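One letter stands for each residue in the lines below.
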Amino acid sequence: LIGGLATLLYTTQKEKNKKLFLLLVIISMFFVLLGRDRSFIIYFLSSLFLIFIAHHYLILYKKNGNRNTLFVMIGMTCFLAGNAMLMLVENYMLPSLYAFSHIFEVVGYLFIFFSLINVLEYGKKKKQA
């Protein structure tokens, strides 16, 4: 999960530097493997990565006004909300949030799915023209 989100974060940034990517992945894995509460660290790091990813898509939406970018940004924000809830669940503060976190994740996947469908439909229209 952390490796995938680190890769997604790296691909959304303008700076393309393999050393920076490796540093991001290695430091993330270092914290996960050596941390006392691994689940909290995983949810914390993934939430941190999702903040930057959602912010990136928010900036893109403000610049271009593309509806698909808005859908992806909303999807990433839903993932962020779900991860934040899971951080609280793992600390046994609010165990009832477990179900709500998964609802947010499903909503996030639906927004990204709608974005994919829009892109595919636009591609078909462009191919026919």
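Right above here is the structure, for reference.
Predicted model only: the values in this text are computed from it and were never measured. The numbering scheme is per chain: residues are counted from 1 as the chain's sequence reads. Whole-chain, interface and lining totals are the exception, using all residues; otherwise, since this is a predicted model, local features are given only for residues with pLDDT of at least 70 and side-chain atom pairs are given and counted only at 80 or more. For side-chain calculations, the full set of non-hydrogen atoms in the structure is used, while hydrogens and water are omitted.

(A) A look at the overall build of the chain. Scanning the chain for helices and strands turns up five helices and zero strands. Numbering of helices and strands runs from the N terminus, with a helix taken as a DSSP run of H or I at least four residues long and a strand as a DSSP run of E at least two residues long. The helix and strand sequence of the chain, counted from the amino end, reads α-α-α-α-α. Each principal axis of the C-alpha atoms in the chain carries an extent, and together these give about 60 × 40 × 25 Å. Counting every position in the chain, which comprises 129 residues, the buried fraction comes to 33%. Throughout, a residue-residue contact means that at least one pair of heavy atoms, one from each residue, lies within 4.5 Å. When contacts within the chain are restricted to residue pairs at least 6 apart in sequence, long-range pairs at least 24 apart make up 59% of them. Only protein chains enter the accessibility calculation, which uses a 1.4 Å probe; a residue is then buried when its area is under 20% of its type maximum, exposed when over 50%, and partly exposed in between.

(B) Quick look at the layout of surface pockets. Site definitions follow a grid-based scheme: protein atoms alone, a 1 Å grid, a 1.4 Å probe that fits but cannot get out for cavities, and for pockets an open set with protein on both sides within 12 Å along at least five of seven lines, plus lining residues having an atom within 4 Å of a point. Grid points are joined across faces, edges and corners, and a volume is the space filled by probe spheres set on the points. Estimated volume of the largest pocket: approximately 200 Å³. Along its surface, the largest pocket is lined by Leu1, Leu5, Leu50, Phe79, Asn83, Glu105, Tyr109 and Ile112. Broken down by secondary-structure element, the contributors of at least two residues to the lining of the largest pocket are helix 4 (67-90) and helix 5 (97-128). Counting residues per element, the lining of the largest pocket draws most heavily on helix 5, at three residues.

(C) Main features of the side chain of Asn68. For Asn68, the position within the fold is in helix 4. Judged by relative accessible area, Asn68 falls into the buried class, the value being 15%. When residues no more than four places from it in sequence are discounted, the contact partners of Asn68 are Ser115, Asn118 and Val119.

(D) Seen up close, helix 3 (residues 38-64). Helix span is expected to be 1.5 Å times the residue number reduced by one. Its 27 residues place the ends of helix 3 39 Å apart at the C-alpha level, agreeing with the 39 Å of an ideal helix rising 1.5 Å per residue. Regarding helix 3, the residues found buried are Ile41, Tyr43, Leu45, Ser46, Ser47, Phe49, Leu50, Ile53, Ala54 and Tyr57. Gly65 sits one or two positions beyond helix 3 and adopts a positive phi of about 70°.

(E) Representation of a nonpolar patch on the surface within the structure. What makes a patch is a set of residues exposed beyond 30% relative accessible area and free of salt bridges, joined within 9 Å when like-charged and within 5 Å when nonpolar (Val, Leu, Ile, Met, Phe, Trp, Tyr). In short, Shrake-Rupley with a 1.4 Å probe defines the accessible areas, and a residue's cover is counted only from the protein chains shown. Just to be clear on terms, a salt bridge is a Lys or Arg side-chain nitrogen sitting within 4 Å of an Asp or Glu carboxyl oxygen. Together, Leu20, Leu23, Ile27, Met29, Phe30, Phe31, Leu33 and Leu34 give the surface a local cluster of nonpolar side chains, amounting to about 790 Å² of exposed area. Here Leu33 shows up in helix 2 (residues 18-34).

(F) Region of the structure containing the nonpolar core. Counting 18 residues, the largest nonpolar core has Phe49, Leu50, Ile53, Tyr57 and Met76 as the members making the most contacts within it. Of all elements in the fold, only helix 1 (2-12), helix 2, helix 3 and helix 4 reach the threshold of two or more residues within this core. The leading source of residues in this core is helix 3, at seven residues. Each nonpolar core is a collection of buried residues, namely Ala, Val, Leu, Ile, Met, Phe, Trp, Tyr and Cys, held together in the definition by side-chain atoms within 4.5 Å.

(G) Local environment of the packing of helix 1 against helix 2. Remark: helix 1 packs on helix 2, axes separated minimally by 10 Å, with the N-to-C direction vectors making an angle of 150°. In terms of orientation, helix 1 and helix 2 fall into the roughly antiparallel class. Here helix 1 and helix 2 pass one another in a crossing that is right-handed. Along its contact with helix 1, which presents Ile2, Gly3, Ala6, Thr7, Leu9 and Tyr10, the element helix 2 presents Lys18, Phe21, Leu24, Val25, Ser28, Met29 and Val32. Each residue gets one of three labels, nonpolar for Ala, Val, Leu, Ile, Met, Phe, Trp, Tyr, Cys and Pro, charged for Asp, Glu, Lys and Arg, and polar for the others, Gly among them. Its residues placed into classes, the contact of helix 1 with helix 2 shows nine nonpolar, three polar and one charged. Throughout, an axis means a line fitted to C-alpha atoms (over the contacting stretch in the case of helices), and angles, computed between N-to-C directions, take values from 0 to 180 degrees. Working definition: roughly parallel below 35 degrees, roughly antiparallel above 145 degrees, roughly perpendicular at 65 to 115 degrees, and oblique for all remaining angles. By convention the crossing between two helices is left-handed if the near helix lies anticlockwise of the far one by an angle smaller than a right angle, and right-handed if it lies clockwise.

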